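Breakdown of the fold
So you can see what is in the structure, the chains are spelled out below.
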Amino acid sequence: MDNWAALRACKQASATRRITDLFDDPARAAEFLVTLSDAATGPVHFDYSKTNIDAETRAALIELAEASGLESRRNAMFSGEKINVTEGRAVLHTALRNLDGSLEVEGEDVMPEVRATLARMESFARDLRDGRIRGAGGRITDVVNIGIGGSDLGPAMAAIALAPFHDGPRCHFVSNVDGAHIHDVLDGIDPETTLVIVASKTFTTVETMTNAETARAWMARTVRDPARQFVALSTAQDKTTAFGIDPARVFGFEDWVGGRYSMWGPIGLSLMIAIGPMNFHAFLKGASVMDQHFLTADFAQNMPVMLALVGVWHRQVLGHPTRAVLPYDQRLARLPAYLQQLEMESNGKRVAMDGKELEIPSGPVVFGEPGTNGQHAFYQLIHQGTDIVPCEFLLAAKSHEPALAHHHRLLAANCLAQAEALMTGRSLDEAKALMKAKGFKGAELLMQAKHRVFPGNRPSTTLVYPQLTPAMLGAIVALYEHRVFVEGVVLGINSFDQWGVELGKELAVQLLPMVEGTKPAEGRDGSTQALISALRDMGI
């Protein structure tokens, strides 16, 4: 029996089993828990006991990971082999946060350059935060990061998450080419005390460069030399020089750093400016702790591996098409969006490494909102809808507002209650007793009761950690990065390219002159031609 067949047998065995039945084993909660403990992060617990995975299923999942060559693929990634085969690149975002020792890529130690770039970032951030780097109007008060995708989602998410650690200039983020975005960000800040960071590896990304030109024109209205208040995160120094940016303010990174994995290096400059180099180092340290755990822990006690295998069980074996990420922390509001890109751009593929079409589903649709907001939005579907949505809860033991500890206790109670309710549900008999106590009788009682039945047996995992600190955020992000990698290895796909974003971008270039009216909309489909015509009639 092959590994997938073994898991299909496990699926069949679980069909008549309820998750609550598994808790007949009093040791279940302890045995289906992975713990990482480090001085940098404190203890982190990953509880997956509220899933329909039993010991036999877990063993089959681990055997699948082993048969997929996970250990050798993991080691190849960390050692700098070119595992991104479609682009012929190594995958070494982990090197940006592992600042000890050496690491050779094609015979060259890459770590001296990594350390030198980090040192330049630190020097620049300190000079800016201390007021030695100034704008035309004095001390820099605001930083605007212009990027898109991985050049925006990571630092934007992290800046919100680490708000209690901000003691530098205010940070703003512009990504959408929609003019409303940059207009609303620039409106109300002073161009004479604003620094603009343009994040584009090639300095050709259309959305980013369009926004950069708009920001420069905005600044030029009051600043004599606006380029002096620009920084580039790019490897295209010829283009950054042509834009007018001082080479000393250009921070590059290698092609072995993918966009959605890049905030550990220069793409994280805005975050470093906001929280300071020391806290940024802690952020890197937390990620490095998770890296070492991923590298050394046995699969059964390896947090990224088990998080990934739970995902494989839910998506590829049981066929659940979606996954909800539910941080019970308002400051992690952008984490679900960040993980959307990380998961869906990495593993949203239809062919394996060898070019053959996948015979199993690829990655899930990822969505989410922070609790308790989500409870009043889409939890209705999660609890009583016709599809099962596996949920991933995240919860800190402490907030950063000790005077509002009662808020946090209520938040935690809600998180634990939702996970319990998803698992236990409410039977028809329980609902009927509830309605009877409210005075309903006969057919009305039955009708009202049916609306209050919760099927339960819906799976969830919970990640519990002491507090959302820079180190803890680093560990969480690295956990999910490695989770995506493990899932990709099991599926046999390349998680580090993203060809699916190319076609629409190419077509947009072709359509722009048609939308502008400088070229007739010929040769397009009837719908596109009609929509262009309608937009032009409306005055686009």
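Definitions and cut-offs
- Residues numbered from 1 in each chain as written.
- Predicted model: local features only at pLDDT ≥ 70, side-chain atom pairs only at ≥ 80, totals over all residues.
- Heavy atoms only, no water.
- Helix = DSSP H or I, 4+ residues; strand = E, 2+ residues; numbered from the N terminus.
- Rg over C-alpha atoms; globule rule 2.2 N^0.38 Å.
- Buried < 20%, exposed > 50% of the residue type's maximum accessible area, 1.4 Å probe, protein only.
- Contact = heavy atoms within 4.5 Å.
- Areas by Shrake-Rupley, 256 points an atom, 1.4 Å probe, with all protein chains shown as cover.
- Lys, Arg positive; Asp, Glu negative; His and termini not counted.
- Charge placed at Lys NZ, Arg CZ, Asp CG, Glu CD.
- Pairing = 2+ DSSP bridges.
- Right-handed = clockwise from strand over helix to strand, strands pointing away.
- 1 Å grid on protein atoms, 1.4 Å probe; cavity = no way out; pocket = protein on both sides within 12 Å on 5 of 7 lines; lining within 4 Å.
- Points joined across faces, edges and corners; volume = space filled by probe spheres on them.
- Nonpolar A, V, L, I, M, F, W, Y, C, P; charged D, E, K, R; others polar.

1. Considering the overall build of the chain
- Helix and strand counts for the chain come out as 21 helices and 15 strands.
- Since a compact globule built from 540 residues should have a radius of gyration of about 24 Å, the 25 Å found for the chain is in line with a globular shape.
- Expressed along its principal axes, the backbone C-alpha trace of the chain runs to roughly 80 × 60 × 60 Å.
- Burial status across the chain gives 51% buried among its 540 residues.
- Restricting to contacts in the chain with at least 6 residues of sequence separation, those with at least 24 account for 74%.
- Summed over its atoms, the accessible surface of the chain is roughly 23,800 Å², and 53% of this surface lies on carbon and sulfur atoms.
- The positive charge centre, built from 51 side chains, and the negative charge centre, built from 63, are 5 Å apart in the chain.

2. Remarks on the pairing of strand E9 (residues 194-199)
- Across the six residues that make up E9, a large majority, six, are buried.
- The sheet contact formed by E9 and strand E10 (residues 230-233) spans four bridges and is parallel. Following the sheet pairing, Val 196 is matched in E10 by Phe 230.
- With respect to chirality, the unit in which E9 leads through helix H9 (residues 206-220) into the neighbouring parallel E10 is right-handed.

3. Thoughts on the environment of Gly 374
- Assignment of secondary structure puts Gly 374 in the loop between strand E13 (365-367) and helix H15 (379-384).
- For the pair Gly 374 and Leu 326, spaced 48 residues apart in sequence, the C-alpha separation works out to 7.9 Å.
- Among residues more than four places away in sequence, those in contact with Gly 374 are Glu 369 and Tyr 379.

4. A look at empty space enclosed by the protein
- With the rule as written, the count across this model stands at six cavities of 30 Å³ or more.
- Considering only enclosed or pocket space, the largest cavity measures out at about 80 Å³ in volume.
- Lining the largest cavity are 13 residues, with Gly 311, His 314, Arg 323, Pro 390 and Glu 392 positioned closest to its centre.
- Breaking the lining of the largest cavity down by element, the ones donating at least two residues are helix H13 (303-317), strand E12 (322-327) and strand E14 (391-396).
- Split by residue class, the lining of the largest cavity holds four nonpolar, five polar and four charged.

5. So, the layout of surface pockets
- Computed from the structure, the largest pocket encloses a volume of approximately 1,400 Å³.
- Put simply, the parts of the chain that give the lining of the largest pocket at least two residues each are H9, helix H14 (335-347) and helix H20 (502-516).
- Looking at the lining of the largest pocket element by element, the count peaks at eight residues for H20.
- When grouped by side-chain class, the residues that make up the lining of the largest pocket number 18 nonpolar, 14 polar and ten charged.
- Roughly 420 Å³ of internal volume is contained in the second largest pocket.
- Forming the boundary of the second largest pocket are 23 residues, of which Val 110, Glu 113, Glu 254, Asp 255 and Trp 256 lie nearest the centre.
- For the lining of the second largest pocket, the secondary structure elements donating two or more residues are strand E4 (108-109) and helix H6 (111-129).

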